[in-house]
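The lines below spell out each chain.
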Amino acid sequence: MPDSPTVGRRERKKAATRQAIADAALELFLEHGFEQVSVRDVAERADVSTTTLFAHFPSKEALVFDREEEVEAALTAAVRERSEDQGVIEALRAHALESWVRIWSDPRRREFHALVDRTPALREYAERMWMRHAAALGAVIAEELGREAGDLECSALARFVLEIPTLAQGRHDPRAAVETLFDLLIHGWRSQRDS
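Scope of this entry: the structure provided in the associated data block. Along each chain, numbering runs from 1 in the same order as the chain's sequence is written. Only residues with pLDDT of at least 70 get local features here, since the model is predicted, and only at 80 or more are side-chain atom pairs given and counted; chain-wide, interface and lining totals rely on the full set of residues. To obtain the side-chain values, all non-hydrogen atoms of the structure were used and water was disregarded.

1. Things to note about the overall build of the protein chain
No. 1: In terms of regular secondary structure, the protein chain is built from nine helices and zero strands.
No. 2: With the C-alpha coordinates of the protein chain rotated into their principal frame, the extents come out at 60 × 55 × 30 Å.
No. 3: Sorting the 195 residues of the protein chain into buried and exposed places 36% on the buried side.
No. 4: Two residues form a contact once any of their heavy atoms are found within 4.5 Å. For the protein chain, contacts bridging at least 24 residues in sequence account for 65% of all contacts bridging at least 6. Secondary structure is summarised from DSSP: a helix means a run of H or I of at least four residues, a strand means a run of E of at least two, and numbering begins at the N terminus for each. With a 1.4 Å probe rolled over the protein chains alone, any residue whose accessible area is under 20% of its type maximum counts as buried; one over 50% counts as exposed, and the rest are partly exposed.

In structure tokens:
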């Protein structure tokens with residue numbers, strides 16, 4: 001008997017509809033700009049009703065960040081499901097190198113970031129989303145380390161880790177940048193005196 005249940009037809013259909021809506025939204029937003037595209041335009045492009053669209057996405061901004069729940073689940077799983085001999089920071093480093101670096105190679109990444117950067121509503125949504133991710137990650141780190149909920153060090157670590165994609169983005173070698181930033185988290189800042 002398999003460990004995980006197979007995904008049923010209904011769930012596959014819901015996932016396909018959700019993906020079609022997200023794909024249609026991103027295409028339209030990249031073509032015309034976020035403000036110029038209505039929810040109705042997205043629904044028409046995806047061939048669904050606006051009611052169906054809102055059953056999958058709570059807001060227009062959420063259409064752009066369609067993998068929000070998956071991102072948070074993957075972050076928390078990286079900490080919870082790490083091997084016994086692996087530290088929290090090393091588990092997060094492995095996750096970043098596997099998932100974040102791969103995302104940066106997506107050819108639409110620059111267009112996506114440009115869309116977010118030039119759209120105040122999307123920038124605000126992204127900030128709130130990352131704060132929610134930081135809170136969830138901080139809570140899991142505290143739980144895994146046997147610390148109290150809201151532990152300052154765990155919260156700070158989560159925030160620092162979630163700044164890494166922003167700091168590494170656009171670097172000549174994003175993988176090396178991620179490694180450098182995680183080394184900084186592990187070893188701290190080592191200042192050198194000018195000679």
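2. A look at the packing of helix α8 (residues 152-168) against helix α9 (residues 174-187)
No. 1: For the pair α8 and α9, the least separation of the axes is 9 Å and the interaxial angle reads 155°. Taken together, α8 and α9 sit at an angle that is classed as roughly antiparallel. You can see that α8 and α9 cross each other, and the crossing is right-handed. Contacts between α8 and α9 involve Leu157, Phe160, Val161, Ile164, Leu167 and Ala168 from the former and Pro174, Ala177, Val178, Leu181, Phe182 and Leu185 from the latter. To get an axis, a line is fitted to the C-alpha atoms, and for a helix only the part in contact is used. The angle between two axes follows their N-to-C directions and goes from 0 to 180 degrees. An angle below 35 degrees is read as roughly parallel, one above 145 as roughly antiparallel, one from 65 to 115 as roughly perpendicular, and any other as oblique. By definition, any crossing whose near helix is turned counterclockwise from its far helix by less than a right angle is left-handed, and any crossing with a clockwise turn is right-handed.

3. Things to note about the nonpolar core
No. 1: Only buried residues count toward a nonpolar core. Its members are Ala, Val, Leu, Ile, Met, Phe, Trp, Tyr and Cys residues joined through side-chain atoms within 4.5 Å. Of all hydrophobic cores here, the largest spans 27 residues; its most connected members are Leu92, Trp100, Leu137, Ile141, Val178 and Phe182.
No. 2: At the level of secondary structure, the elements contributing two or more residues to this core comprise α4 (68-80), α5 (88-104), α7 (120-144), α8 and α9.
No. 3: Among the elements that take part in this core, α5 stands out by supplying eight residues, more than any other.
No. 4: Those residues within four positions of leucine 92 in sequence are excluded, and the remaining contacts are Leu75, Ala78, Val79, Leu137, Ile141, Val161 and Phe182.

4. As for helix α6 (residues 109-117)
No. 1: The complete set of buried residues in α6 reads Arg109, Leu115 and Val116. For α6, the arc enclosing every buried residue in end-on projection is 125°, short of the 170-degree limit, so these residues lie on one face.
No. 2: In this fold, the buried residues of α6 make contact with α1 (9-32), α5 and α7. The directions from the helix axis to the C-beta atoms are what the arc is built from.

5. A look at unusual backbone geometry
No. 1: If you check the backbone angles, aspartate 47 has positive phi at about 60° while not being a glycine.
No. 2: Within the element layout of this structure, aspartate 47 appears in the loop between α2 (39-46) and α3 (50-56).
No. 3: Its relative accessible area of 69% is what places aspartate 47 among the exposed residues.

6. Observations regarding the pattern of salt bridges
No. 1: We define a salt bridge as a side-chain nitrogen of Lys or Arg found within 4 Å of a carboxyl oxygen belonging to Asp or Glu. Summed over all chains, the structure comprises eleven salt bridges.
No. 2: Two residues, glutamate 27 and arginine 45, come together in a salt bridge whose shortest N-O distance is 3.0 Å. Placement of glutamate 27 in helix α1 and of arginine 45 in helix α2 is noted, with a sequence separation of 18 residues between them.
No. 3: Classification of arginine 45 as partly exposed rests on a relative accessible area of 38%.
No. 4: Glutamate 179 is paired through a salt bridge with arginine 93; the nearest N and O atoms lie 2.3 Å apart. One end of the pair, glutamate 179, is in helix α9; the other, arginine 93, is in helix α5, and 86 residues separate them in sequence.
No. 5: The exposure class assigned to arginine 93 is buried, which follows from its relative accessible area of 8%.
No. 6: Residues joined by salt bridges that share partners form a network here, namely Glu90, Arg93, Glu179 and Asp183.

7. Quick word on the layout of surface pockets
No. 1: In this structure, the largest pocket encloses a volume near 1,400 Å³.
No. 2: Two kinds of site are reported from a 1 Å grid over the protein atoms alone, namely cavities, where a 1.4 Å probe fits but cannot get out, and pockets, open sets with protein on both sides within 12 Å along at least five of seven lines, and residues are called lining when an atom falls within 4 Å of a point. In this structure, the largest pocket is lined by 39 residues; those nearest its centre are Phe65, Ile103, Phe112, His113 and Trp130.
No. 3: Mapped by element, the contributors of at least two residues to the lining of the largest pocket are α1, α4, α5, α6, α7 and α8.
No. 4: Examining the composition of the lining of the largest pocket, we find that eight residues originate from one element, α7, more than from any other.
No. 5: Nonpolar residues are Ala, Val, Leu, Ile, Met, Phe, Trp, Tyr, Cys and Pro. Charged residues are Asp, Glu, Lys and Arg, and all others, Gly as well, are polar. For the lining of the largest pocket, the class distribution of residues is 19 nonpolar, seven polar and 13 charged. Grid points are joined across faces, edges and corners, and a volume is the space filled by probe spheres set on the points.

8. Quick look at α4
Residue pairs spaced three or four apart in an α-helix point in one direction, given the helix's 3.6 residues per turn.
No. 1: Compared with an ideal rise of 1.5 Å per residue, which puts 13 residues at 18 Å, α4 spans 19 Å between its outermost C-alpha atoms and is within 8% of the ideal.
No. 2: Within the span of α4, buried status applies to Glu68, Leu75, Thr76, Ala78 and Val79. All buried residues of α4 project into a common sector of 150° when viewed along the axis, lining one side. α4 presents Glu69 and Glu70 as exposed residues on the side facing more than 90 degrees away from its buried surface.
No. 3: Taken together, the buried residues of α4 touch α5, α7 and α8. One fewer than the residue count of a helix, multiplied by 1.5 Å, yields its expected span.

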